[in-house]
Structures are given as structure tokens and as C-alpha cells.
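# Observations on the three-dimensional arrangement
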Amino acid sequence: MAALPAFFGLLMVAVVTAQNVEITPLKAVRRVGDELIVLCKVPYRIDSCRMTVGPTSYRLIPNNQGDVVYHGQGLEVGECGAQIKHIKEEWNGNISCVLPPKTGSIEVTGTMQLLVARAPGDPQLISPPQSSFKEGDIFMAQCIVPNGRPAAKITWFLDDEQVLAGTHQPIVTSEPGSDLQTIRQNVSRALTADDSGKRLVCRAEHESLDKPKEASRQLLVNYPPKRLDDSSSITIFGLKIAEEGRLNVTVRANPRPHAEWTIGDVKLTAPQKNEDASIEALEPVHLGGGYYNVTLVLARVAKEDVDRTYYLTVANDLGREDFSVRLSTMDEPAGVELETGAIVGIVIAVIFLIIAIFLVVFAKATDRWCFAERNGVRDHTKSSGESDTESAVGGRERSRLSALGARMRAALPRARDRVQATEPTTDTDDKILAEEKKGVVYAELQLGEQTAEKPPPPSTEYAEIVYTDKNQQETKE
């Protein structure tokens, strides 16, 4: 019979232990002096709340005072929490809560991890010892940030630009028996001309730091002279005849380059003048960032200078770059840099366009080429009853004749209008008619209004206009 209570006791322990304690948060990082709230909950009423913080165990009661006080809605709802007002260095480690039930002696516990942040040591940047590199060299460096709790975070920069490509996976280690952590991270990069003069920065960030710590070194990359675009031909615009002219060419180089100008048979190595000091090659001027301004000064620009090509060679110990330079008295095109060949091509294209427009206008005006076929079709559509004379005149001429005929009909007295007879007559009749028709004028009148769209009728009327002599009329009276 004694075995039955023992079995029942073991069963109760298993049941209570199986109860999960909900603890929030499970892990936290805080600095010394910060505040932390830890809350443990079970789904039943508890008898008390005990919290172990560092080496000290606290029995927490609602409404009590101290550095560690009760936090929660009450024991009746199964909440056991602690408000830690000022975290201490020695509290780094685990925080445990103990929740005994209202009845019985079996207790359940929950545990969370508190990391009391400790600032790491200064970052160390390990890199090759040489002071300068060549373009294309593979540069490798390592940043070490020691003894932080937890490990610091490393970020790489070139000046203010974050470096993402070439960064390796960080490695975190710690000494045996110590909770302090050291982080290491490598970076590798193929150096370019744009990297020269920039600072490679290893930046360490940590919860215990008010601002990041940094370690850095400057990169010096040597490279041969480089042109700023893909063209080796340069045109200098805006020069004026009989005034000073400056031929400026900008290049990139490191180390500092030297320049040589060739003007016909004359070679000038900067700084140098020709014999009469009319041409001077200036020393290259460093503009910063590896950019240099190379200048040739002409005391007075002459017409033959515009027709000439100037040759420039810029070189250092790593290589050279050649340029051909032309002068122009025109203003530089806004937003567009045109070479001489491009300007000639544009002029030729404009000339061809003008010729094409002239030919089209000429063909249309003279009914030639493609316009002749269209006019031929129009002529075939005329009425077969038109006379040769009518087909030869245009629509505008027919309209003018029609208007003239209308005005003449309106001006003549209607009683005097007669139609010329067409019947045959004898010689005697012809003489009589000749006497009667003295002072008579015949006018050919086209009947009806005519338009270009509607051909005129084939018939024609003739009107007789009689002019009477006033003296003869008075004598007869």
C-alpha cells in the first residue's frame, strides 16, 4: 500500500513539470544602468513569485519597493514578473523565475538570458604594408574587434560608400572560460583608378557604444594616363582670331604625368615656349582626384592656327595617351560635342534636302515626271464634244470669258440684238448687207456659266452690236 502514494507523487511531479512557463523575453542585451522587465506566466493560480537575478534571489510581492520589484497582473492569474530598474555588470548571465502552485509543494521554473553589454576594444585594421598599389591589384584586409559582450558588428566603407562586394563571412571567437567575444572579418577588392585617394574604413558598432569606433587607411592606386571619354580627337570651341587662345585637355593619371605638344615641326615639353614665345606649353595642373589640366597657350590665334592639328602626348611611368586637338571659332554646341566630320555631314544633308524640295516644286509646276501622269489622266476625262481651242485653255480662262460674255449681254439693248443668219446669200445681197452693217461689231458669246468641273456646251451664239452715227441720225430727221 505504501507504493501507491509514492506512485501518485511521481505522477504529480511529471504533470507539474510538464507545465510550460511562458517567459518574455527569452534573451536580452542591456547596458549597465538600463531597465529590464521579465515576465513569467502559467495558466493557474500561484502562491508566490521568486526571481533569481545574478547571485541574488528575490521574493517579489505586488506593490513592494526596491531595485527589483514585482511586475504583472497578480498571482491569481499566474503571473510572476520582475522590473529590474538598474542593471549591474555582475548580473550578466541567466535570470530564473520560480512559480510554486497555490496548493502543493512542487514548483516550476523558467529561465532567460541577460547579456550585460560590455564595450569591445578598439578595432584593428590589418592590411598589406606597401604604401601604394597598381590598378588591378587584389587588395586584402582584415578587421579585428576584440573582447565585446556580445560581439561587435563590422561594416566596411570606402569613404562614405558602404562596401558590400568582396566582404567575407565574419568569424566570432572567445577565450576559454570567458564570455567576451572577438569578431574578425576580411575584405578583398580589385583596385581601380576610382579607389585612389579614398579611405578604407572598418567601422565597429556595439550596443554599449554611443557612437561607432573606426580604423582606416588610405588607398593609393597608380595607373597610366586616361582620357575622359572614348575619343582621342578633341575640338576646342569659342576661340577668336587675333586674340589669345588656350587649348585645355583634361586627363586622369597617377603618378603625376608630363605633357608634350607637337605643332608642325615644333615640339614643346611642358613647361616650355617656342623661340618667339608665341606658343607656351604649361605645366599640368592637378585638379584633385587624379585629374590634371594640360594647357597650350597661343599668344594670338591666326587663321592658319584654325586649319592646323595639334598633337598632345601625356605620359607617366606606367603608360601614355595620345590626343589630336583642333581649333574652332564657332561656339560649342549646347549639350553636344560635334567633330569636324559630323558638322560636314550635317551641312551636306541639308543641301540635299533643299535640292529635293526644289525638284518637287519644279515638277509640280511644269507637270513633269510623276505629276505628268496625273494630268494626262485628267485630259482623257474631257468631253469628246469640246473643240481644240476649248481644250487648250484652262479652267480659269474659261471662267473669265464666261464672266465677260455675261457683262456684254447685260450692256446691249435687247431690241437691237440679232442672231447672225447662216443661210447662203447672193452678191447683191452681200452689198446691201455690207451697207447696212457698217458700224456693226460681232461678238462671240459662250452660253451659260462654265466651271472647271463642268465642260461648256458645244454651241456658240453670235450677238450683233450696232453703232449708230449721231450726225447721220440728225440729218435723216
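Check the entry above for the structure.
Residues numbered from 1 in each chain as written. Predicted model: local features only at pLDDT ≥ 70, side-chain atom pairs only at ≥ 80, totals over all residues. Heavy atoms only, no water.

### Description of the overall build of the chain
Check the secondary structure of the chain and you find eight helices and 31 strands. With 477 residues in all, the chain has 29% of them scored as buried. Excluding contacts between residues fewer than 6 apart, the proportion of contacts in the chain whose partners are at least 24 apart in sequence is 64%. Element-wise, carbon and sulfur atoms account for 53% of the exposed surface of the chain, whose accessible area totals about 30,200 Å². (Helix = DSSP H or I, 4+ residues; strand = E, 2+ residues; numbered from the N terminus. Buried < 20%, exposed > 50% of the residue type's maximum accessible area, 1.4 Å probe, protein only. Contact = heavy atoms within 4.5 Å. Areas by Shrake-Rupley, 256 points an atom, 1.4 Å probe, with all protein chains shown as cover.)

### Describing the side chain of Ser48
Within the secondary structure layout, Ser48 lies in the loop between strand S3 (36–41) and strand S4 (49–53). Every residue in contact with Ser48, bar those within four places of it in the chain, is listed here: Arg59, Leu75, Val98, Leu99 and Pro100.

### Focus on the state of the cysteines
Going through the model one piece at a time under the given rule, you end up with three disulfides. Put simply, Cys49 and Cys80 are joined by a disulfide, and their sulfur atoms are 1.7 Å apart. Judged by the sign of its S-S torsion, about 70 degrees, the bond between Cys49 and Cys80 is right-handed. One end of the pair, Cys49, is in strand S4; the other, Cys80, is in strand S7 (residues 79–84), and 31 residues separate them in sequence. The pair Cys49 / Cys80 is uniform in exposure class, with both members buried. (Disulfide = S-S within 2.5 Å.)

### What about the pairing of S4?
Side chains Cys49, Met51 and Val53 of S4 all project onto a buried face; the interleaved residues Arg50 and Thr52 project onto a face where none is buried. Bridge count between S4 and strand S5 (residues 56–60): five bridges; the pairing is antiparallel. Bridging across to S5, Met51 finds its partner in Tyr58. Of the pairings in the sheet, the one linking S4 to strand S8 (residues 93–99) comprises four bridges and is antiparallel in character. (Pairing = 2+ DSSP bridges.)

### Some details on the pattern of salt bridges
Evaluation of the coordinates by the stated rule reveals 16 salt bridges. Where Asp195 meets Arg189, a salt bridge forms, and the shortest distance between an N and an O atom there is 3.2 Å. In this structure Asp195 comes out as buried when scored by relative accessible area, which is 2%. Between Asp305 and Arg308 there is a salt bridge, and its shortest N-O distance comes to 3.0 Å. Residues participating in the shared-partner salt-bridge network are Glu89, Arg149 and Asp179. (Salt bridge = Lys/Arg side-chain N within 4 Å of Asp/Glu carboxyl O.)

### Some remarks on unusual backbone geometry
Following Thr24, the chain continues to Pro25 via a peptide bond in cis, the omega torsion being -5 degrees. Note on placement: Pro25 falls in the loop between strand S1 (22–24) and strand S2 (27–30). Cis geometry is found at the peptide bond from Ala270 to Pro271, where omega equals -5 degrees. If you trace the backbone, Pro271 turns up in the loop between strand S23 (266–269) and strand S24 (272–273). Notably, Asp159 is not glycine yet its phi reads approximately 55 degrees, a positive angle. The residue Asp159 is located in the loop between strand S13 (153–158) and strand S14 (161–162) in this model. On the basis of relative accessibility, which here comes to 35%, the residue Asp159 falls in the partly exposed class.

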